[in-house]
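Chain by chain, the residues run as shown.
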Protein chains: 2
Amino acid sequence: MSQDFLTLSDDDIALLPQRKRGRLVNSLSGFKSVNLIGTQGGPEDKPNLSVVSSVVHLGSDPALLGLVMRPPVPRDRGSHTYWNIRETGVWTVNHVNASIVPQAHQTSARYEFSEFDAVGLTPWPHCGFDAPAVEEAHVRMGLELADELPIERNGCKLLIGQIRWVEFPQAAWAPDGYLNLEALDGVAASGLDGYHVTRGIGRFAYAKPDEPHPECRTDFMDGWGE
Amino acid sequence: MSQDFLTLSDDDIALLPQRKRGRLVNSLSGFKSVNLIGTQGGPEDKPNLSVVSSVVHLGSDPALLGLVMRPPVPRDRGSHTYWNIRETGVWTVNHVNASIVPQAHQTSARYEFSEFDAVGLTPWPHCGFDAPAVEEAHVRMGLELADELPIERNGCKLLIGQIRWVEFPQAAWAPDGYLNLEALDGVAASGLDGYHVTRGIGRFAYAKPDEPHPECRTDFMDGWGE
């Protein structure tokens, strides 16, 4: 690919048509996670499922994930995921894999009834937990709301959740703790609408200043010990 | 891969050895972006470069990216990226591509001098901007600190930055605004130390409830119009 670089200033970005700007800026953080968020609630206690690319790791001890949500609208006009989480305090995170990308993407349509039924995914109950997971996901977990931070510049919310339970295929868990997302056909997102599977380059050893060429292992299950 | 599922509770996670827990929980958000953060500052006004997987999209109007930082230690003990950003108010975000993964990973070692020199990457100055970018990156941009949110549960910080300029190869920019990260050899991360290139599945049309089978385009440069 030609490497003729284009430079855009903040004014150039602001002057792009809205959708073109959205597609560009959504590409600028790099590849993103793709997860289905499962919740339940509202006047009819309906299950809800929505695809997001805004789940982010926040810490391991305690195990915290962040979820960036658009500025919520009043409950009777939408934002079902946000209001269900506010009501029940819990949600599920379900990794999207290559087999369910079209169904996952389709959950972003505005449905009046359950997205599970609408797109053909199966609710997976976890005993005593007030949000449904997704049976077709290979990695699924339940989170409990720990905090909500307002992002004042644009009205978005950062929901901080603690992982209460997690399920994944035992065969994908390396002895050193690494979970082999690629072996589970996990996908990454780009921009607003791009989906990708991955091909591993390798796992690199903990970097030390006196070893300037980090060891690389191409077998992702061959970890670094405890 | 065998689909015998393992279930871990929050107590099971908390009782894992620290490194094993870190490797697992860092895998649970899904694939992550991989970026080099460029800053400059401190008593000797040194350039600094560090690899992160915690850059996240926050919004397109204005164009905002988040950067999750570990709990900062006092300046004389480390946290150079954090303190440089606090001092200058700016940083660069540089996408890691397949050609520079070993160098990028190596920036996580504790160097006393510039990581640019230590790992063999080239500072790329942007006129009037107080943080160096990375010449070898195909997508590079400058951000200005807009806000800092404390994550009270673990002492981390969410830095919110507005994009002030961005540079990328013109040939990778689709007419509808999408930036083709895969054509630019961009990489995704998994866990603490895994790196992956991608293979595109496709771009999916805006989902509508009355069209349950979303159109998929496998040419990533063939967008959806404005």
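First, a word on scope: everything that follows refers to the structure included in this document. Everything quoted here is computed from the prediction, not taken from an experiment.

1. Brief notes about the interface of chain B and chain A
Contacts between chain B and chain A engage 118 residues on the former and 117 residues on the latter. With both sides pooled, the region where chain B packs onto chain A buries about 10,100 Å², and carbon together with sulfur makes up 63% of that total. Ranking the residues of chain B by area buried against chain A places L28, F31 and R153 of chain B at the top, with a combined share of 7%. Summed over the shared surface of chain B and chain A, the result is eight salt bridges. Where D176 of chain A meets R23 of chain B, a salt bridge forms, and the shortest distance between an N and an O atom there is 3.4 Å. In this structure, the connection of chain B to chain A is made through 54 residue pairs in polar contact (both at pLDDT 80 or more). Its residues assigned to classes, the side of chain B that touches chain A comprises 62 nonpolar, 33 polar and 23 charged. The sheet contact formed by strand β1 (residues 5-9) of chain A and strand β11 (residues 156-169) of chain B spans five bridges and is antiparallel. Across the sheet, the residue bridging to S9 of chain A is W165 of chain B, located in β11 of chain B.

2. Let's talk about the relation of the copies chain B and chain A
The transform that puts chain B on chain A rotates by 180° and translates by 0.0 Å along the axis, for an RMSD of 0.0 Å. Such a combination of rotation and displacement between the chain copies is what one expects of a two-fold axis. Judged by C-alpha distance, T198 of chain B is the residue of chain B that lies nearest the rotation axis, at 2.1 Å. Both copies present the same face, since 99% of the interface residues in chain B are matched by interface residues at the equivalent positions in chain A.

3. Quick notes on the pairing of strand β7 (residues 90-95) of chain A
Residue and element names in this part refer to chain A. Judged by how many residues are buried, β7 sits mostly within the fold: six of six residues are covered. Alternating positions in β7 separate into two faces, V90, T92 and N94 on one and W91, V93 and H95 on the other, with burial throughout. In the sheet, strand β3 (residues 35-41) pairs with β7 via four bridges, with the strands oriented antiparallel. Residue pairing across strands places I37 opposite V93, the latter belonging to β7. For β7 and strand β10 (residues 140-151), the ladder comprises five bridges, and the chain directions are antiparallel. Bridge assignment links V93 to a residue of β10, and that residue is M141.

4. Remarks on the nonpolar core
One finds I163 of chain A together with I163 of chain B to be the most contacted residues of the largest nonpolar core, which totals 64 residues. Those residues in contact with I163 of chain A that sit more than four places away from it in its chain are A63, L65, M141, G142 and L143 of chain A together with D10, I13, V25 and L28 of chain B.

5. Let's talk about the environment of G120 of chain A
Residues and elements named next belong to chain A. Considering the arrangement of structural elements, one finds G120 in the loop between α5 (115-119) and β8 (123-124). Taking the C-alpha atoms as reference, G120 lies 9.6 Å from I100; in sequence the two are 20 residues apart. Each residue touching G120, except ones within four places of it in the same chain, is listed here: E115 and E136.

6. Side note on the packing of aromatic side chains
Per the stated rule, a full pass over the model turns up 12 aromatic pairs over all chains. Between Y178 of chain A and F220 of chain A, the ring centres sit 6.0 Å apart and the planes meet at 45°, which makes this aromatic pair tilted. Highlighted residues: Y178 of chain A in the loop between β11 (156-169) and β12 (188-190) and F220 of chain A in the segment after β14 (216-217), separated in sequence by 42 residues. Pair check on accessibility: Y178 of chain A and F220 of chain A agree, each one buried. Above the plane of the ring of W173 of chain B lies K20 of chain A, whose end atom (NZ or CZ) is 4.9 Å from the centre. Stacked on the ring of W124 of chain A, the Lys or Arg R140 of chain A has its end atom at 4.0 Å from the ring centre.

What counts as what
- Residues numbered from 1 in each chain as written.
- Chains lettered and ligands numbered in written order.
- Predicted model: local features only at pLDDT ≥ 70, side-chain atom pairs only at ≥ 80, totals over all residues.
- Heavy atoms only, no water.
- Contact = heavy atoms within 4.5 Å.
- Buried area = accessible area lost by both parts, 1.4 Å probe.
- Salt bridge = Lys/Arg side-chain N within 4 Å of Asp/Glu carboxyl O.
- Polar contact = N/O pair within 3.5 Å; in protein donor to acceptor, adjacent residues only side chain to side chain.
- Nonpolar A, V, L, I, M, F, W, Y, C, P; charged D, E, K, R; others polar.
- Pairing = 2+ DSSP bridges.
- Helix = DSSP H or I, 4+ residues; strand = E, 2+ residues; numbered from the N terminus.
- Least-squares fit on C-alpha atoms with pLDDT ≥ 70 in both.
- Buried < 20%, exposed > 50% of the residue type's maximum accessible area, 1.4 Å probe, protein only.
- Core = buried A, V, L, I, M, F, W, Y, C linked by side-chain atoms within 4.5 Å.
- Phe/Tyr/Trp six-rings, centres within 6.5 Å; stacked < 30°, edge-to-face > 60°.
- Lys NZ or Arg CZ within 6 Å of the ring centre and 35° of its normal.

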